[in-house]
Amino acid sequence: AAILADGSLVTWGDPDSGGDSSEVQDQLKGVQQIQATDKAFAAILADGSLVTWGDPDSGGDSSEVQDQLKGVQQIQATDKAFAAILAD
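Residues numbered from 1 in each chain as written. Predicted model: local features only at pLDDT ≥ 70, side-chain atom pairs only at ≥ 80, totals over all residues. Heavy atoms only, no water.

### Here's the deal with the pairing of strand β5 (residues 50–54)
Most of β5 sits inside the fold, with four of its five residues counted as buried. Where strand β4 (residues 40–45) hands over to β5, the hairpin turn is made up of four residues, of which G48 adopts a positive phi near 85°. (Buried < 20%, exposed > 50% of the residue type's maximum accessible area, 1.4 Å probe, protein only. Helix = DSSP H or I, 4+ residues; strand = E, 2+ residues; numbered from the N terminus. Pairing = 2+ DSSP bridges.)

Okay, here's the thing in structure tokens:
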């Protein structure tokens, strides 16, 4: 994955491992930072929100905690999970 100068993101590679970000591409604006697990990506956006995609079993589905992911300052990854440091 690569963050472009305009804050957009380009991904490539195995679609099952996060290489296809088309389902979230419209959300990937103002990307500040990305992290990866074995098969998923997480991106912090300029507004402090977080977007994830890839294998749900490797952190690619953050829908269960999405309402808590506000003011994200940093993310860390293990093989199959993400942790977010929030502003508060």
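### Overview of the side chain of T11
Tracing the backbone shows T11 in the loop between β2 (9–10) and β3 (31–36). Polar side-chain contacts of T11 include one of 3.1 Å to the backbone oxygen of G19. A distance of 2.9 Å separates polar atoms of two side chains, one belonging to T11 and the other to S21. The residues contacting T11, other than those within four sequence positions of it, are A1, G18, G19, D20, S21 and W53. (Polar contact = N/O pair within 3.5 Å; in protein donor to acceptor, adjacent residues only side chain to side chain. Contact = heavy atoms within 4.5 Å.)

### Some remarks on the environment of S17
Structurally, S17 is set in the loop between β2 and β3. Looking at S17, the relative accessible area reads 21%, which means it is partly exposed. Separated by 39 residues in sequence, S17 and P56 have C-alpha atoms that sit 9.7 Å apart. Apart from the residues lying within four places of it in its own chain, the contact partners of S17 are D38, K39, A40 and F41.

### Considering the sheet that holds β5
The strand order across the open sheet formed by three strands is β3-β4-β5, and the pairing between neighbours is antiparallel. At either end of the open sheet lies a strand with only one pairing partner, and these are β3 and β5. Averaged over all neighbouring strand pairs, the angle between strand axes comes to 20°, with direction disregarded. Pairing of β4 with β5, which is carried by five bridges, proceeds in the antiparallel orientation. Within β5, the position partnered with I44 by the bridge is L50. (Axes fitted to C-alpha atoms, helices over the stretch in contact; angles between N-to-C directions.)

### Structural notes on a nonpolar patch on the surface
Residues L4, V10 and W12 make up a contiguous nonpolar surface patch of about 310 Å² in total accessible area. Note that L4 resides in the loop between β1 (2–3) and β2. (Patch = residues over 30% accessible without salt bridge, like charges linked within 9 Å, V, L, I, M, F, W, Y side chains within 5 Å. Areas by Shrake-Rupley, 256 points an atom, 1.4 Å probe, with all protein chains shown as cover. Salt bridge = Lys/Arg side-chain N within 4 Å of Asp/Glu carboxyl O.)

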